[in-house]
Amino acid sequence: MNNHIWRPLYVVLVIIAFFLVLRYFLVPQDFGVHGVNFTYGYHRAGDINDWQAVPIKYRGREFCNECHPDNAAANASSKHAAIQCENCHGPAFDHPEAPEKLILDTSRDLCLRCHAALHTPSSQRSLIKGIDPDTHNPAIPCSDCHNPHKPDLEDMQ
Amino acid sequence: MRCSRRDLLAMALTTTAAAILPVTAFRFLSQAEVKVALADPALRWGFLVDTEKCVGCGLCVKACKLENETPYDAPVTRTWVERYIITKDDQTHIDSPRAARDGFTDPRIRGEAFDPAEVTKSFFVPKLCNQCDSPPCVQVCPVGATYQTLDGVVLIDRKWCIGCGYCIMACPYGVRFFHPVHKVAEKCNFCYHRISQGLKPACVQACPFGAREICNLKDANDPITRIIMTQRVAVTKDEYGTKPQVFYIGLDRNVR
């Protein structure tokens, strides 16, 4: 065959070879089919480890019980027993090292998440005692009158 | 054309070799690879949402955002809660202010008040990624950055994602979004870092009312799996054929 056919062909072959070499170095070695099949499982295997290494922020109430037994006991015997400490105090991270203290959120909005009166007949929201925030002692933090850990009305003076 | 016996043999040989060449592209799988391909792993994560128990406090959304470092004030989130108000004239009113991060504190929807006598049903529906068995979002990824793990969770490779957004368009549930900080696709992964260590996802732990539960669908003794197997549960948008693995108790026909 003639030169004018071979020469461009060589160029194309060199380009292809270049891309294959580049691909070899750029695509991570652990790239391949690691799941059920190619359609759903073609990925970098190391990414699973990356996700598993994400630090945990919410520690759970058992963790708090060790150092705050009074609050834990009050909370556990109350109508708020189901609520995790960290729902109101924020994630613990490495508390008490970092942060040294957790947030004391005395905002009314925290309590209104559950206690604002809504009309939701087909949900358990209707079983929680609701108040109208505009008429129930407005502008005063709820925790001035109610104990957030043990809000039971029988215990109120 | 003349053809000697020698030519014939040579030609037959080259043709056969050329025909076989593509077959060499196939390769024999190692024992481990076969196991993976046929795997029936003992673990498949599933999720149960009890919409009757949900009170719309939004503590799950708050916990999710803080646990997974989703920018707190950006209008993106891995999970959210919707409120439905259905009135006697068969109108469905839906809202999810700030994805319900701060709960529902206003009886009105977008300023519109509802006469309790006019309301037939009103309830809350938490939404999250369905970790579908046939995830369309994974099929469309052009670079292999999103995939299904063997325990059924769909993950996104943040180092490999190019942020093209195909998966965000492909998800019929709208659970995927563009992460404003990492500039990649993002979605709920059942808190993969927590469930891999035996902890519950942040939203499950945060829910005071047990409206959200996680389970191993392959374990018939798992109490939550038993509920899914023995009670009446539904999935959202079944007609898309994605085989969602988040099951709902008390789903309504008005839920979209």
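Every value quoted in this text rests on a predicted model; they were computed, and no experiment measured them. Each chain has its residues counted from 1, running along the sequence as written. Here chains are named by letter from A upward and ligands by number from 1 upward, in the order in which they appear as written. Owing to the predicted nature of the model, reporting of local features is limited to residues with pLDDT of at least 70; listing and counting of side-chain atom pairs is limited to 80 or more, with chain, interface and lining totals taken over all residues. Note that the side-chain values use all heavy atoms of the structure and ignore hydrogens as well as water.

### Some words on the nonpolar core
Residues and elements named next belong to chain B.
Turning to step 1, where the next piece is worked out: Here the nonpolar core consists of buried residues drawn from Ala, Val, Leu, Ile, Met, Phe, Trp, Tyr and Cys, with membership extended through side-chain atoms lying within 4.5 Å. Relative accessible area decides the class of each residue, using a 1.4 Å probe on protein chains only: under 20% of the type maximum gives buried, over 50% gives exposed, and in between gives partly exposed. Residues Phe47, Val81, Leu128, Val153, Phe190, Ile195 and Val246 are the most contacted members of the largest nonpolar core, which totals 39 residues.
Turning to step 2, where the next piece is worked out: Runs of H or I in DSSP of at least four residues are treated as helices and runs of E of at least two as strands, each being numbered from the N terminus. For this core, the elements supplying multiple residues, two or more each, are strand 1 (45–50), helix 3 (59–67), strand 2 (80–87), strand 4 (119–127), helix 6 (192–195), helix 7 (202–206) and strand 10 (246–249).
Turning to step 3, where the next piece is worked out: Take this core: its biggest share by element is four residues, from strand 2.
Turning to step 4, where the next piece is worked out: We call two residues contacting when some pair of their heavy atoms lies within 4.5 Å. Setting aside residues up to four positions removed in sequence, valine 81 forms contacts with Cys54, Cys60, Val61, Asp95, Ser96, Ala99, Ala100, Phe104, Phe124, Val125 and Pro126.

### So, the side chain of Glu186(B)
Turning to step 1, where the next piece is worked out: Residue position: Glu186(B) is located in strand 8 (residues 185–186).
Turning to step 2, where the next piece is worked out: Look at Glu186(B) and you get buried, because its relative accessible area is 1%.
Turning to step 3, where the next piece is worked out: Within polar-contact distance, the side chain of Glu186(B) engages the side chain of Arg78(B) at 2.8 Å.
Turning to step 4, where the next piece is worked out: For Glu186(B), the residues in contact, after removing those within four places along its chain, are Trp51(A), Arg78(B), Ile156(B), Arg158(B), Val175(B), Arg176(B), Phe177(B) and His179(B). Under the rule applied, a polar contact is a pair of N or O atoms within 3.5 Å (in protein, one hydrogen donor and one hydrogen acceptor; residues adjacent in sequence only if both atoms are side-chain atoms).

### What to know about the domain arrangement of chain A
Turning to step 1, where the next piece is worked out: The domain limits used here are those given by an automatic or database domain assignment. When its domains are assigned, chain A resolves into domain 1 (3–52) and domain 2 (61–144).
Turning to step 2, where the next piece is worked out: A separation of 53 Å is found between the C-alpha centroids of domain 1 of chain A and domain 2 of chain A.

### Examining the pairing of strand 2 of chain B
All names here are of chain B.
Turning to step 1, where the next piece is worked out: With eight of eight residues buried, strand 2 is to be regarded as a mostly interior element.
Turning to step 2, where the next piece is worked out: The sheet contact formed by strand 2 and strand 4 spans eight bridges and is antiparallel. Bridge pairing links valine 81 to proline 126 in strand 4.
Turning to step 3, where the next piece is worked out: Strands pair, by our definition, only if DSSP identifies at least two bridges between them. Note that strand 2 and strand 3 (residues 92–95) share four bridges and pair antiparallel. Note that in strand 3 the partner of isoleucine 86 across the bridge is threonine 92.

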